[in-house]
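This is what each chain is made of:
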Amino acid sequence: MHAVVFNGPHDVAVREVAEPRITDPMDALVAVRAAAVCGSDLWTYRGMASVAPGARIGHEFLGQVVDTGSLTDQVRVGDWVVAPFRYSDGQCEYCRAGLTSSCTHGGFWGREVLDAGQGELVRVPFADSTLVRIGDGDEPDESMLADLLTLSDVYPTGTHAVVKAGLDAYSSVVVIGDGAVGLSAVMAARRAGADEVIVLGSAHPDRRQLALTVGADRFISVRGADAVQQVADITHGAMVSHVVECVGTQGSFDTAFGVVRDGGTVSYVGLPHQVSIDPARLFMHNITMTGGMCPARVYMPLLMDEVLAGRSHPGRVFTATLPLDRVGRAYELMDRRESIKCLLTVGA
């Protein structure tokens, strides 16, 4: 079969690899129909993650079940499914507590297991507890693929950020980041009933327009102290009680602590890279810091119902669609910030 392989910094390509097989009675094989390039994949692409050349890549995919192990009975051959970015057994103490991202037997695609999402076939461990059927398992309409694919990662992650921030009706929130997760957080904030959503993003006009389209009230394209000052001006110096951090850099964390008011909450879901936090700052201002890796599998059923009912359209974060064999171009577009998120069609 064909799968995307990381060859080294700024070099990903489709290669012919061994086809996966069922190795455990709880496995399933999924023929991938659509996959995605994630912002976190760019850390690998840029050579800034501990991923060795030759590794598979990609953790967002949906497709059809083509084979199952003897103990798999919740998903069946022929079912169309979405996979979360991390597989989980559904039985350990963390899974039972709703923290599937900490599953003691779980793992990441392309790391704890060989297969990854950007390829033609994926062996899925713990298929019954990992995969989420699309409706009754029937093939979804082509027009819904982008919306459904966001359920693998970015839409649950944006939702998790808002939930952990404690956002509710009539709240004001600052969302830091205008990538797919940040935009998903904007949609989630609106769903939660936020009174005002302020996005701190880049100078790219397409990102500004999309943020405003999906629910942002204001979009600030300056950074650092200038961004903090603009939030102060908007709030007449009061700042905000809820901040959602979706980037993961030192600068974004510094900005988050600059715009949150005393007693407020900073919820972070951006994968942190070389970030240092002063706990004394949190202590002196009674700032709550929360967030972390999203237990996507927990959020997926509810969010899927919304998508299938037409109440949510998170697929708008995809601004480019390419076939799998043009994966190098997809990474280039995202690395250069010429596309917010790229969808890869597989086997179509």
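Every value quoted in this text rests on a predicted model; they were computed, and no experiment measured them.

Notes on the overall build of the protein
Here comes step 1: When helices and strands are tallied, the protein shows 12 helices and 18 strands.
Here comes step 2: Taking 20 Å as the expected radius of gyration for a compact globule of 348 residues, we find that the protein reaches 20 Å, a close match to that expectation.
Here comes step 3: Taken along the three principal axes of its C-alpha coordinates, the protein extends 60 × 40 × 40 Å.
Here comes step 4: For the protein, the proportion of its 348 residues judged to be buried stands at 55%.
Here comes step 5: Excluding contacts between residues fewer than 6 apart, the proportion of contacts in the protein whose partners are at least 24 apart in sequence is 66%.
Here comes step 6: If you sum the accessible surface of the protein, you get close to 14,500 Å²; carbon and sulfur atoms cover 48% of it.
Here comes step 7: Distance between charge centres in the protein, computed from 28 positive and 41 negative side chains, equals 3 Å.

Quick word on the pattern of salt bridges
Here comes step 1: Summed over all chains, the structure comprises 13 salt bridges.
Here comes step 2: The shortest N-O distance in the salt bridge between R337 and D178 comes to 3.0 Å. Here R337, found in the loop between α12 (327-335) and β18 (342-345), pairs with D178, found in the loop between β11 (172-176) and α6 (180-191); they are 159 residues apart in sequence, far enough to count as distant.
Here comes step 3: Residue R337 is classed as partly exposed on the basis of its relative accessible area, which comes to 31%.
Here comes step 4: We note a salt bridge from R218 to E196, for which the minimum N-O separation is 3.0 Å. Remark: E196 occurs in strand β12 (residues 196-200) and R218 occurs in strand β13 (residues 218-220); sequence separation between them is 22 residues.
Here comes step 5: Judged by relative accessible area, which is 18%, E196 ranks as buried.
Here comes step 6: Connected through salt bridges with shared partners, the residues D178, R207 and R337 form a single ionic network.

Structural notes on unusual backbone geometry
Here comes step 1: A positive phi angle, near 75°, is found at Y170, a position not held by glycine.
Here comes step 2: With respect to the secondary-structure elements, Y170 resides in the loop between α5 (154-165) and β11.
Here comes step 3: We classify Y170 as exposed; its relative accessible area is 73%.
Here comes step 4: Of note, the phi angle at Q274 is positive, near 55°, even though the residue is not glycine.
Here comes step 5: Relative to the assigned elements, Q274 resides in the loop between β15 (260-268) and α10 (279-285).
Here comes step 6: A relative accessible area of 81% means that Q274 is categorised as exposed.

Points about the side chain of T265
Here comes step 1: Relative to the assigned elements, T265 resides in strand β15.
Here comes step 2: By relative accessible area, which is 14% here, T265 ends up buried.
Here comes step 3: Look past the residues within four positions of T265 in its chain and what remains in contact with it is K164, A165, S241, H242, V243, V260, T288 and T290.

Details of the environment of F108
Here comes step 1: Locating F108 in the fold gives a position in strand β8 (residues 107-108).
Here comes step 2: In this structure F108 comes out as partly exposed when scored by relative accessible area, which is 22%.
Here comes step 3: Beyond its immediate sequence surroundings of up to four residues, F108 is in contact with F85, R86, Y87, V113 and M293.

Remarks on the packing of aromatic side chains
Here comes step 1: Applying the stated criterion to the full structure yields 7 aromatic pairs.
Here comes step 2: Where F61 meets W109, the ring centres are 5.3 Å apart and the plane angle is 75°; that geometry is what we call edge-to-face. Separated by 48 residues along the polypeptide, F61 in strand β5 (residues 61-68) and W109 in the loop between β8 and β9 (121-124) bring together distant segments of the chain. In terms of burial, F61 and W109 fall into one category: buried.
Here comes step 3: Lying over the aromatic face of F108, R86 brings its terminal NZ or CZ to 5.0 Å of the ring centre.
Here comes step 4: A cation over a ring is seen here: R111 above F108, with NZ or CZ 5.8 Å from the ring centre.

Describing the pairing of β5
Here comes step 1: Pairing between strand β3 (residues 28-37) and β5: 7 bridges, direction antiparallel. Residue A31 lies in a different strand from β5, and its bridge partner there is Q64.
Here comes step 2: Bridging between β5 and strand β6 (residues 80-83) involves 4 bridges; their strand directions are antiparallel. Paired with F61 across the bridge in β6 is A83.

Let's talk about the sheet that holds β11
Here comes step 1: A sheet is described by the order of its strands in space; here 6 strands give the open sequence β13-β12-β11-β14-β15-β16, paired in parallel fashion. Taken across any chain shown, the strands that pair with only one partner, and hence form the sheet edges, are β13 and β16 (288-291). Each strand of the sheet is rotated relative to its neighbour by a mean of 20°, with strand direction disregarded.
Here comes step 2: Docked against the sheet, α5 engages β14 (240-245), β15 and β16, running at close to 150° with respect to β15.

Examining helix α8 (residues 224-234)
Since the α-helix packs 3.6 residues into each turn, any two residues three or four apart lie on the same face.
Here comes step 1: For α8, the set of buried residues is A227, V231, A232 and I234. Buried positions in α8, seen along its axis, are confined to an arc of 165° and lie on one side of it. Of the exposed residues in α8, those oriented more than 90 degrees away from the buried face are A225 and D226.
Here comes step 2: The secondary structure elements touched by the buried residues of α8 are β11, β12, β13 and α9 (250-259).

Analysis parameters
Residues numbered from 1 in each chain as written. Predicted model: local features only at pLDDT ≥ 70, side-chain atom pairs only at ≥ 80, totals over all residues. Heavy atoms only, no water. Helix = DSSP H or I, 4+ residues; strand = E, 2+ residues; numbered from the N terminus. Rg over C-alpha atoms; globule rule 2.2 N^0.38 Å. Buried < 20%, exposed > 50% of the residue type's maximum accessible area, 1.4 Å probe, protein only. Contact = heavy atoms within 4.5 Å. Areas by Shrake-Rupley, 256 points an atom, 1.4 Å probe, with all protein chains shown as cover. Lys, Arg positive; Asp, Glu negative; His and termini not counted. Charge placed at Lys NZ, Arg CZ, Asp CG, Glu CD. Salt bridge = Lys/Arg side-chain N within 4 Å of Asp/Glu carboxyl O. Phe/Tyr/Trp six-rings, centres within 6.5 Å; stacked < 30°, edge-to-face > 60°. Lys NZ or Arg CZ within 6 Å of the ring centre and 35° of its normal. Pairing = 2+ DSSP bridges. Axes fitted to C-alpha atoms, helices over the stretch in contact; angles between N-to-C directions. Arc of directions from axis to C-beta.

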